[in-house]
Amino acid sequence: MEVKLWNDKRERELLESYADLYAIIKATEKLERAYVRDLVSAADYEAECLKLISQFNSLSSSLAGAVTVPRFVQAYRLDCPAALNRLLQSGVPATVELRAASNSSAPAAAAASAASIAHCVQTFITAMDAVKLNMLANDQVRPLLQDVATSMARLGPLLPPDFEGKVKVNEWLGKLHKMGAADELTEQQARQLNFDLDSAYSAFLAALPAGM
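For every chain, the first residue of the written sequence is number 1, and numbering continues from 1 onward in sequence order. With pLDDT at 70 or above as the cut-off, local features in this predicted model cover only qualifying residues; side-chain atom pairs require 80 or more to be listed or tallied, and sums for whole chains, interfaces and linings still use all residues. With hydrogens and water stripped out, all remaining heavy atoms of the structure feed into the side-chain values.

Peer 1: Quick question: what am I supposed to make of the nonpolar core here?
Peer 2: Considering soluble globular proteins, one finds that nonpolar side chains tend to be buried as a cluster. Membership of the largest hydrophobic core comes to 62 residues, with the highest contact counts inside it found for Ile 25, Phe 124, Leu 145, Leu 197, Tyr 201 and Phe 204. Each domain's extent is set by a domain assignment, obtained either automatically or from a database. When residues of this core are assigned to domains, at least three fall in each of domain 1 (9-104) and domain 2 (108-207). Should any heavy atoms of two residues lie within 4.5 Å, those residues are counted as being in contact. Setting aside chain neighbours within four positions, we find Tyr 201 in contact with Leu 50, Val 121, Phe 124, Ile 125 and Met 128. Note on terminology: a nonpolar core comprises buried Ala, Val, Leu, Ile, Met, Phe, Trp, Tyr and Cys residues joined through side-chain atoms within 4.5 Å. Think of it in three bands: residues with accessible area under 20% of the maximum for their type are buried, residues over 50% are exposed, and the middle band is partly exposed, with areas taken using a 1.4 Å probe on protein chains only.

Peer 1: In this structure, what is going on with the packing of aromatic side chains? I would like to understand it.
Peer 2: Any pair of aromatic rings gets described here by the distance separating the centres and the angle formed by the planes. Here a pair means two rings of Phe, Tyr or Trp (six-membered ring of Trp) with centres within 6.5 Å. Their orientation is stacked below 30 degrees between planes, edge-to-face above 60, and tilted elsewhere. Counted under the stated rule, the structure contains six aromatic pairs. Ring centres of Tyr 35 and Tyr 45 lie 4.1 Å apart, and the angle between their planes is 15 degrees; this geometry places the pair in the stacked category. Here Tyr 45 lies in helix H2 (residues 42-62) and Tyr 35 lies in helix H1 (residues 9-36), a separation of ten residues in the sequence. Judged by relative accessible area, Tyr 45 falls into the buried class, the value being 0%. Here a set of aromatic residues connected by ring pairs shows up, and it is made of Tyr 18, Phe 72 and Tyr 76. For the purposes of this entry, the term helix denotes a DSSP run of H or I that reaches at least four residues, the term strand denotes a run of E that reaches at least two, and both are numbered from the N terminus.

Peer 1: I would appreciate a short explanation of the side chain of Asn 57 in the present structure.
Peer 2: For Asn 57, the location among the structural elements is in helix H2. Under this definition, polar contacts are N or O atom pairs within 3.5 Å; protein pairs additionally need one hydrogen-donor-capable and one acceptor-capable atom, and for neighbouring residues in sequence, both atoms have to be side-chain atoms. Among the polar contacts listed, one links the side chain of Asn 57 to the side chain of Gln 122, at a separation of 2.9 Å.

Peer 1: Looking at this model, I keep getting lost on unusual backbone geometry. Mind explaining?
Peer 2: Leaving glycine out, the prevailing phi sign among residues is negative, and the prevailing peptide bond configuration is trans. Phi at Asp 38 takes a positive value of approximately 60 degrees, unusual for a residue other than glycine. By the secondary structure assignment, Asp 38 is in the loop between H1 and H2. Judged by its relative accessible area of 64%, Asp 38 is exposed. The backbone of Asn 134 sits at a positive phi, close to 65 degrees, despite the residue not being glycine. Assignment of secondary structure puts Asn 134 in the loop between helix H6 (107-132) and helix H7 (138-153). Since its relative accessible area comes to 60%, Asn 134 is described here as exposed.

Peer 1: Please clarify how the pattern of salt bridges should be interpreted in this entry.
Peer 2: Oppositely charged side chains can form a pair if their charged atoms are brought close together. For this document, the term salt bridge refers to a Lys or Arg side-chain nitrogen within 4 Å of an Asp or Glu carboxyl oxygen. Scanning all chains against the criterion turns up four salt bridges. With its nearest N and O atoms 3.0 Å apart, the salt bridge here joins Arg 33 to Glu 29. Remark: Glu 29 and Arg 33 occur in helix H1; sequence separation between them is four residues, near one turn of the helix. When its relative accessible area of 6% is taken as the criterion, Glu 29 is described as buried. Residues Arg 86 and Glu 32 are paired through a salt bridge, measuring 3.1 Å at the closest nitrogen-oxygen approach. With Arg 86 in helix H4 (residues 81-90) and Glu 32 in helix H1, the pair connects residues that are 54 residues apart, well separated along the chain. Exposure class is identical for Arg 86 and Glu 32. Each is buried.

What follows is the structure in structure tokens.
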């Protein structure tokens with residue numbers, strides 16, 4: 001007897017998204033434990049953790065109307081405290097938090113620095129995901145890039161005025177300012193924007209050790 005797990009395409013896609021979310025949470029838990037046990041290098045941990053955080057943010061946003069993460073964890077009896085802390089509370093790899101804490105003179109300053117970095121990471125990821133999902137209208141892209149620019153500005157002396165990421169994002173904001181709200185980026189423009197955001201994000205992460 002054949003057992004159907006779904007009735008239509010929409011239900012199938014929802015179940016597939018649940019499976020992906022489950023896998024991301026479990027993978028993050030294993031990664032956190034491996035890092036604590038010194039089974040993975042800091043560089044490899046950070047790269048993999050950033051990827052998992054990005055995937056989690058994209059997926060959890062798409063599931064917002066269907067289920068909350070805490071309810072999902074409870075329903076599937078997931079025992080992943082380290083993953084939930086990293087994905088829901090922190091939003092950045094432990095290595096980023098440690099750099100902020102070890103180079104700040106006061107606990108309050110360290111917390112503020114970590115929070116600002118976490119927010120900046122989130123704005124970059126959101127903007128990059130939007131472009132990859134073909135959200136290319138000016139009134140979709142411009143607010144996200146403005147968020148990126150604002151979050152970088154709040155990091156103060158960590159990122160100088162001529163920082164590559166700031167320059168690139170401000171150039172794109174200038175271009176978008178001249179466009180109508182409903183105007184969309186061309187395929188070539190979208191490809192260039194994706195490349196510039198990725199380059200700016202990499203430069204931002206590389207600047208953290210020296211600036212903290």
